[in-house]
There are 2 protein chains.
Amino acid sequence: MRAYGELTREELLVIKQQVAASYEKARGKGLQLDISRGKPSKTQLDLAEGMLTAISSNEDCVDMDGLDCRNYGGSIGIPEARRLMGDMMAVSMDQVVVCGNASLTIMFDTVSRSFTHGVLGNTPWSKLNKVKFLCPVPGYDRHFGITEYFGVEMINVPMFTAGPDMDLLEKLVTEDESIKGIWCVPKYSNPQGISYSKETVRRLALLKPAAKDFRIFWDNAYCIHHLYEEEEKQDRILNIIEECDKAGSPDMVYEFVSTSKVSFAGGGISAVASSKANLEEIKRHMNYQIISHDKTNQLRHVKFFRDLKGVKAHMMKHAAIMRPKFERVVSVLEKELGGLGIGSWTMPKGGYFISFDALPGCARAIVAKAKEAGLVMTGAGATYPYRKDPEDSNIRIAPSFPTLEELEVAADIFVLSVKLVSLDKLLKNGFN
Amino acid sequence: MRAYGELTREELLVIKQQVAASYEKARGKGLQLDISRGKPSKTQLDLAEGMLTAISSNEDCVDMDGLDCRNYGGSIGIPEARRLMGDMMAVSMDQVVVCGNASLTIMFDTVSRSFTHGVLGNTPWSKLNKVKFLCPVPGYDRHFGITEYFGVEMINVPMFTAGPDMDLLEKLVTEDESIKGIWCVPKYSNPQGISYSKETVRRLALLKPAAKDFRIFWDNAYCIHHLYEEEEKQDRILNIIEECDKAGSPDMVYEFVSTSKVSFAGGGISAVASSKANLEEIKRHMNYQIISHDKTNQLRHVKFFRDLKGVKAHMMKHAAIMRPKFERVVSVLEKELGGLGIGSWTMPKGGYFISFDALPGCARAIVAKAKEAGLVMTGAGATYPYRKDPEDSNIRIAPSFPTLEELEVAADIFVLSVKLVSLDKLLKNGFN
């Protein structure tokens, strides 16, 4: 397969005719496919059917301390749920507060609290002229959404294969007191599926930020979301809580997890782990915001999964459903785009996304082209703050929701769209 | 029975000796009773056992629009839950957003959002020098807790038998632009069990506040929490949403409800009703804060209760448990304190509390005295902002949690404590 860039104008025109014909044929089918969001499929959700009835009688509703989970009380979560979520993060249950059904809400509330009340006695961010966050890019659109909503200035930091550009990051954090935080998805990152190297995690923990209230927002969303059962095919990352502790900066990090992609995306439980001082601040806030989160659902989770071993076994059932989907998409990409020089992509070992980088200036047009043929993808630019991908190159592929058959069709439409837009670009821009 | 105030010093000393002896006897029993919080009893929680298994298979998890409640999506709540919660407030489902397990959280987040983002385009409260709230007193401690946490200056407005002092309230709201809200529990109020009269609700809806972003926080916590089945024994209040609409001020009110005291105190669902403009603002905020609340629990509620009729029937089972408790406490108060002139109390027709007013300067001492004998009551002062009851007079009694037998013992200790402290006061202060 010769790269498009090496072909003559005439050769490209011939290819374009073939590709356009295939695209029109696909478009004619009036398909409706969606690979835009990281939603679990019905088959995955069905795996947790037993959780629905894990507490089924009045006598089932008591936690290990004898607290009636149906009543008020237990604001930081029931002990067995704190242990389970702590085990997912490899931290002690004393360092964990279990919350409602969305870790996104804990992150949002943490930012909100920093604005209204400040962080550990520091000036509330609402009283500052400027608050900035570092955003490894490409990244998770809902993270960027929170900081945008609060008027935080977001600074792009490029992602490399071992994590964010640490040289740049260290320089910025050390020099600029208005930089108050960083969004991280350290394992099987959204959208690239990258896991931070040991060195990256250590350097993050060793940061000496100019701002005393600088915080690492460690969204460990995919901590147990492997695609492969073999240990050597599973990514491992260092424990940031431990590393920050060792580095003498235990307050610098909040870690977030949830079971949204373990049990139910809309009915899971979430948790935050952090230092004693940070947790005290979180608890104080929660004491005004809520009497207790839904402890019946916390208990339902523990009764169903039992322990970390149970969760891990459950995740292997997810992997059996997810793995073929990832592999199918990547195999279509390799077969259809391999060697053409018009795009590159990742093959993650876990998480929920495949990241595709098109020729610069092509992402928006490719997503539009796919949409015309009935395939909804994540909006181009969504993986960047302010929805502005400076290269207009990155596209997030979320293979989880469709069936394998639908996914194959979707992948075909996608590669046709990539080819068409890339051909147009090459034909317009001239050649060597 | 002659009032204590009419007795001679010698007569009082004789009574004191008798009361002190009874008190010491009770204290000697080493009791441990708690009537401090409005917690449902186990018997009440047991009534909703069927809800635990109301959705029990994968096929059960779909809402009326075909949305899989286990997955993401449906951020404003599933339609059938919006209808049910709307029916509880007698508003259309279009005016309702269903949230998580605590209406307190919706209130907190509403105040928080007003601070960070302002209300419908007005200056964020965090940018103002002074923000004030009106607090009908006595009132709900957790309301006052929220505004205190945000540094809001709270102004007491006395409660009369028909609701807050409307003359004072109208004057303050009209004159002072820094007054941004008022906390109301309009039906079976916490702690007095007072329901606002038609005139009170109409005058509230007709308010012309100096502040454009003044809002009524209408916590209709006890909207269907009657103690009696007979309609003539049930309080009715006007629909504030309708009244504000008629008055041309649809944006002036947020109404909150929950099923915390219908299904499970720690595992219910909550909702907010408001105008189109306010709901748009709430939805925009939620769009960043959460992908969706726990829709499986929303569905569980609708499957179990079916409709408003089902909820009302269920509440009559609660009433059958609660009514004797209220009546028992009031009967002890009447029998032991009636005519003594050392306290007055309410006998509400619904809600969760009985409010007791002791002689000025006695509440704190009475609560301490009760505690010495093993009875935990709501802290004196808790029903006032900053925990400061200017008269040191009001005590909240929460009869729901203990059994009838425990409650009888608790009431006995309480009246002994009231008598002892009142006698001391009278003996110290001299007589007519």
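Residues numbered from 1 in each chain as written. Chains lettered and ligands numbered in written order. Predicted model: local features only at pLDDT ≥ 70, side-chain atom pairs only at ≥ 80, totals over all residues. Heavy atoms only, no water.

Thoughts on the sheet that holds strand E3 (residues 132–137) of chain A
Hydrogen bonds between backbone atoms are what pair the strands of a sheet, whose relative direction is either parallel or antiparallel. All names here are of chain A. The 8 strands lie next to each other as E2-E9-E8-E7-E6-E3-E4-E5, forming an open sheet whose pairing is mixed. The sheet is open, and its two edges are formed by strand E2 (96–98) and strand E5 (163–164), each paired on a single side. Here strand E8 (residues 253–258) runs beside strand E9 (residues 270–273); their pairing, made up of 4 bridges, is antiparallel. When the sheet's bridge partners are listed, Val257 is paired in E9 with Ala271. (Pairing = 2+ DSSP bridges. Helix = DSSP H or I, 4+ residues; strand = E, 2+ residues; numbered from the N terminus.)

Structural notes on the pairing of strand E4 (residues 153–160) of chain A
Residues and elements named next belong to chain A. Note that E3 and E4 share 6 bridges and pair parallel. Of the residues in E4, the one forming a bridge with Phe133 is Met154. Each parallel crossover has a hand, and for E3 linked through helix H6 (residues 141–149) to E4 it is right-handed. In this structure, E4 lies alongside E5, joined through 2 bridges in antiparallel fashion. By the bridge assignment for E5, Phe160 is matched with Gly163. Between E4 and E5, which follow one another and run antiparallel, lie 2 residues. (Right-handed = clockwise from strand over helix to strand, strands pointing away.)

Points about unusual backbone geometry
Of note, the amide linkage connecting A:Val137 to A:Pro138 takes the cis form, showing an omega dihedral of -5°. With respect to the secondary-structure elements, A:Pro138 resides in the loop between E3 and H6. The linkage connecting B:Asn190 with the following residue, B:Pro191, adopts the cis geometry, with an omega of 10°. Within the secondary structure, B:Pro191 is located in the loop between strand E6 (179–184) and helix H8 (198–205).

Points about the environment of A:Gly86
Residue and element names in this part refer to chain A. By secondary structure assignment, the location of Gly86 is in helix H4 (residues 79–89). On the basis of relative accessibility, which here comes to 0%, the residue Gly86 falls in the buried class. Discounting residues that sit within four places of it in the chain, Gly86 has contacts with Val91 and Val96. (Buried < 20%, exposed > 50% of the residue type's maximum accessible area, 1.4 Å probe, protein only. Contact = heavy atoms within 4.5 Å.)

Description of the relation of the copies chain B and chain A
Once turned by 180° and shifted 0.0 Å along the axis, chain B lies on chain A with an RMSD of 0.0 Å. Put plainly, the chains are arranged around a two-fold axis. Looking at the rotation axis and the C-alpha trace of chain B, the residue lying nearest is B:Thr53, at 2.9 Å. Counting the interface residues of chain B, we find that 100% of their copies in chain A are interface residues as well, pointing to one common contact surface. (Least-squares fit on C-alpha atoms with pLDDT ≥ 70 in both.)

Comments concerning the environment of A:Val332
All names here are of chain A. Structurally, the position occupied by Val332 is in helix H12 (residues 308–337). Overall, Val332 belongs to the buried group, its relative accessible area being 7%. Put simply, Val332 and Glu148 are 184 residues apart on the chain and 36 Å apart in space, counted from C-alpha to C-alpha. Apart from residues no more than four positions distant in its own chain, Val332 is found in contact with Leu337, Ala411, Asp412 and Val415.

Any functional reading would require information beyond the geometric quantities listed.
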